[in-house]
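Close look at the chain arrangement
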Amino acid sequence: MYDFKKIEKKWQNYWKEHETFKAITGGDKEKYYILVEFPYPSGAGLHVGHVRSYTALDSVARMKRMKGYNVLFPMGWDAFGAPAEQYAIKNHIHPKEAVKENIKTFKGQIESFGTSFDWSREFSTTDPEYYKWTQWQFLQFYKHGMAYKAKKNINWCPKCKTGLSNEDSSGGVCERCGSKVVQKEKEQWLLRMSDYAEDLINGLEDTKFADRVKLGQINWIGKSRGAEVDFKVDDEALTVYTTRPDTIYGVTFMVIAPEHPIIEKFADKIKNMDEIKEYREFAKTKTEFERTELAKDKTGVKIDGVSAINPVTGKEIPIWISDYVMMNYGTGAIMAVPAHDGRDYDFAKKFGIDIIPVIDGGDVSKEVYTGEGIYINSGILNGMLNKEEACAKMLEYLEEEGLGKAKVNYRLQDWIFSRQRFWGEPIPLVYCEKCGWVPVPDEDLPVLLPDVAEYEPTEDGESPLANIEEWVNTICPCCGGPARRETDTMPNWAGSSWYFLRYMDPKNDKEFVSKEALDYWGKVDWYNGGMEHTARHLLYARFWNQFLYNIGLVPNKEPIDVRVSHGMILGPNGEKMSKSKGNVINPDDIVKEYGADALRTYEMFIGDYEKDAAWSTNGLKGCSKFLDRIWKIQDKLNDKSGYTNETLVHQTIKKVSNDLENMKYNTAVSALMILLNDYEKYDSITKDDLRVLVHLLNPIAPHITEEINEVSSLGDALCESAWPIYDESKTVDSTFEMVIQVNGKVRGKAVMAADATKEQMETIAMDNENVKKFTSGKNIVNVVVIPNKLVNIVVK
RNA sequence: GCCUGAGUGGCGAAAUUGGUAGACGCACAGGACUUAAAAUCCUGCGGGAGUCAUAUCCCGUGCCGGUUCAAGUCCGGCCUUAGGCACCA
């Protein structure tokens, strides 16, 4: 046994003292930027799942350094947000104190894993020196007309008197007090992200994201092609959005969102205004949860006194309001085609509205037919067969008649950028009665959070900052008169939208990052994070960067080249780890009992990196045993040089190098196990044998390998030496086991020289006794010979 | 409902992309060492038939069908399961 506690500490100190992993901006070496998502430093400490992704990318970073790259592998903290704020409220301290504590814990843990982060570039999103630049960049959005204020519905807890994020109000109840959450209209800052919808789709072509990641982005943006069509209501046009203009002859009613402004416009004509107002209230108090989960049953109210004209048929049709139509998508109004849309069908059935089929699908078993077929009851479209052609023809007609136009819609909305919270970056704007909204001048940034330990939510849903008068009241930078600060803060996603840029130049107090650093480090070459962030965080970060690119502040439109996501580490029972289930594995306990190297090796060996994997302490023990055997193999050193099994060594160098580059960490470990198994067969091994083994294992188990390297005097410290190289010609065995098949079934094997000709292979194959049993008396129709592999004899 | 993966021994998983299915590890069983246990080392380990033992044969990668000399891998159709999005018109 070796004393892993002592040697892990020893080498961690060595790396710290030698600044082994410090990245220098500039120089002749080729740069390589590796990034893992920075954690939210919660009170719970790190999860064994963090160890998985940190170790995986650490092994790549360590190998790349040995290969001669200038590697940037930084770490920091994403520390704004609700948990720290709530913890602080409960304990009557400032959130920054809670954050400080948690960062200390987290950093100590990460250091104990031996991850080769460049700590000289560490920062937290909550550092004023950092959020100064987050605020500064927000002002760039503002100054370019990309930030605006608008009324929006937010999730509102009437008891806590605070706005909640969707995550904090899941199930329709407040996470903190359990009250029913309602929708409340509030002025919010928004960023014009929907303007970037098309660029965010197109930009994916300049990335090497996995297809599933790209698809996630594309789905989130939700592009759809269709048409806007005007339906006449008296002299007004009520515009709908539809992706199926070809079904317009089947429209039997219209539905508008409860909040649709046309109701106000026709207030004096609508006879059942009371009923409509009642429904509006009903829709408003319905929670997000009820709208999606419970409200499969359609509800709605027919507007009495106003109706619309189908622009194509000229027929008069009723207008309904219903919450299955959303105000924030399309135009907030739809033309309903109950014969060919499931939701419209449900609604029509419930309220007894006509259903007119316009496409004859020939399938009577389905009540709603959505596929293709012959157009019927459809005027100019009658007899057509193709959906695309029918849509095009109808669109052409609508445009000619001035009734509608082609329109592309996106599900992607503008980014609601306001939070009514204390613990976030203050939005750096000031409101002056005379001058309106005025940006805080650059020289006055950052707008610091006030240094108070007590803050209560306000009565009307404003940020807790609104109660802190001495902070709110300020002077207008424009006219010098009295003014009030914006009291909303930024969302958690803000700080994480550009942190990868700051790592390039983290101490800069003149700019958010220097041009030199941007030009040198360029894109993030390899970005790893959780699946849960591949949609939103990645989209926000790309949007933010594209904007910076468009105003000339960064050199690349796309900030990230490759994005990968790790699978979760589940509890031993195969379920997600959680305190309540009692299946949490604490990495600190494992490091104490088995050492960081064993934990790292096990987590790399556990299975496919991109898939979830259940924790197994027996599996961990197996890897711990492997390291013990590595330690013991030192006893077998002889004083010869060269490789005892040259072919296997070269094969292993190739395998491990490729596997680490391709996230196949589990097979990299198994290749090293195979090499060790081979060494154990010999009476003695050379220093070259041992050195190549510890070198290849070093990225995964860096402490024990450095120690062996030193104790057995194999050469320079591994972290300061070059990665082994292999010779392709030496990876090939001199012989191979030829497989002999008859009709595709293995009937014999023979050892052959690697350079055996096809003829030689065939001759030996035909001569095999067992093979003869299956070929004798049969016609040989074909013989397939694959050099270096097999012979397949086809008989009849 | 839509989109994306995934189904291989008792378990975690491999399989150079069409060429020996189950590498490597865990668990288990037998043996060595030990007074004993732990640790360590050796051997075996998909199922079945067969043999004293070998040899050898049959079946086997969720299910059904297809392409091919050859299919875990490719094609068509199902089933199960995980994740993401969702009255998005």
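The sections below set out a description of the structure shown in this document. (Residues numbered from 1 in each chain as written. Chains lettered and ligands numbered in written order. Predicted model: local features only at pLDDT ≥ 70, side-chain atom pairs only at ≥ 80, totals over all residues. Heavy atoms only, no water.)

Examining the overall build of chain A
Scanning chain A from terminus to terminus reveals 26 helices and 27 strands. Based on the C-alpha atoms only, the size of chain A along its principal axes is roughly 100 × 85 × 50 Å. The burial tally for chain A puts 53% of its 796 residues in the buried class. Across chain A, contacts joining residues at least 24 apart in sequence account for 71% of those joining residues at least 6 apart. (Helix = DSSP H or I, 4+ residues; strand = E, 2+ residues; numbered from the N terminus. Buried < 20%, exposed > 50% of the residue type's maximum accessible area, 1.4 Å probe, protein only. Contact = heavy atoms within 4.5 Å.)

Some words on the environment of Y520
The residue Y520 is located in helix α16 (residues 515–521) in this model. Assessed through its relative accessible area of 18%, Y520 is described here as buried. Separated by 494 residues in the primary sequence, Y520 and G26 place their C-alpha atoms 6.3 Å from one another. Setting aside its immediate chain neighbours within four residues, Y520 contacts I24, T25, G26, G27, K29, K31 and N70. Of the polar contacts made by the side chain of Y520, one reaches the backbone oxygen of K29; its length is 3.4 Å. (Polar contact = N/O pair within 3.5 Å; in protein donor to acceptor, adjacent residues only side chain to side chain.)

Thoughts on the pattern of salt bridges
By the definition in use, this model includes 40 salt bridges. Taking the shortest distance from any N to any O, the salt bridge between R542 and E558 comes out at 2.8 Å. Here E558 lies in the loop between α17 (536–550) and β21 (560–566) and R542 lies in helix α17, a separation of 16 residues in the sequence. One salt bridge in this structure joins D659 and K655, with 3.2 Å as the shortest N-O distance. A residue pair is termed a helical-turn pair when its members lie 3 or 4 positions apart in one helix, as D659 and K655 do in helix α21 (residues 646–661) at 4 residues. (Salt bridge = Lys/Arg side-chain N within 4 Å of Asp/Glu carboxyl O.)

A look at the packing of helix α22 (residues 665–679) against helix α23 (residues 687–697)
Where α22 contacts α23, the axes come no closer than 11 Å and their chain directions differ by 160°. When the axis of α22 is compared with that of α23, the two are roughly antiparallel. Between α22 and α23 lies a crossing of left-handed hand. Residues L672, L675, L676 and Y679 of α22 form the contact with α23, whose participating residues are D689, L690, V692, L693, L696 and L697. Grouping the amino acids of the contact of α22 with α23 by side-chain chemistry returns 9 nonpolar, no polar and 1 charged. (Axes fitted to C-alpha atoms, helices over the stretch in contact; angles between N-to-C directions. Parallel < 35°, antiparallel > 145°, perpendicular 65-115°, else oblique. Left-handed = near helix turned anticlockwise from the far one by under 90°. Nonpolar A, V, L, I, M, F, W, Y, C, P; charged D, E, K, R; others polar.)

Examining the sheet that holds strand β18 (residues 473–475)
Paired through their backbone hydrogen bonds, the strands of a sheet run either parallel or antiparallel. The 4 strands are arranged β17-β16-β19-β18 in an open sheet whose pairing can be described as antiparallel. The sheet is open, and its two edges are formed by β17 (436–439) and β18, each paired on a single side. Averaged over neighbouring strand pairs, the angle between their axes works out to 45° when direction is ignored. Sheet topology places strand β16 (residues 429–432) next to strand β19 (residues 482–485); 2 bridges connect them, and they run antiparallel. Bridged to V430 within β19 is R485. Helix α5 (residues 128–143) contacts β16 and β17 of the sheet and is inclined by roughly 135° relative to β17. (Pairing = 2+ DSSP bridges.)

Thoughts on the packing of aromatic side chains
Scanning the model with the defined rule gives 46 aromatic pairs in all. Note on W11 and Y14: the rings are 4.9 Å apart at their centroids and 55° apart in plane angle, and the pair reads as tilted. In this pair, W11 and Y14 both sit in helix α1 (residues 4–18), 3 residues apart, roughly one turn of the helix. Judged by relative accessible area, which is 2%, W11 ranks as buried. Both rings, one in W415 and one in Y540, keep their centres 3.9 Å apart while their planes meet at 15°; by these two values the pair is stacked. Residue W415 is found in strand β15 (residues 415–416), and its partner Y540 is found in helix α17; the two are separated by 125 residues along the sequence. Grouping residues by exposure puts W415 and Y540 together as buried. Lying over the aromatic face of Y32, K64 brings its terminal NZ or CZ to 4.3 Å of the ring centre. (Phe/Tyr/Trp six-rings, centres within 6.5 Å; stacked < 30°, edge-to-face > 60°. Lys NZ or Arg CZ within 6 Å of the ring centre and 35° of its normal.)

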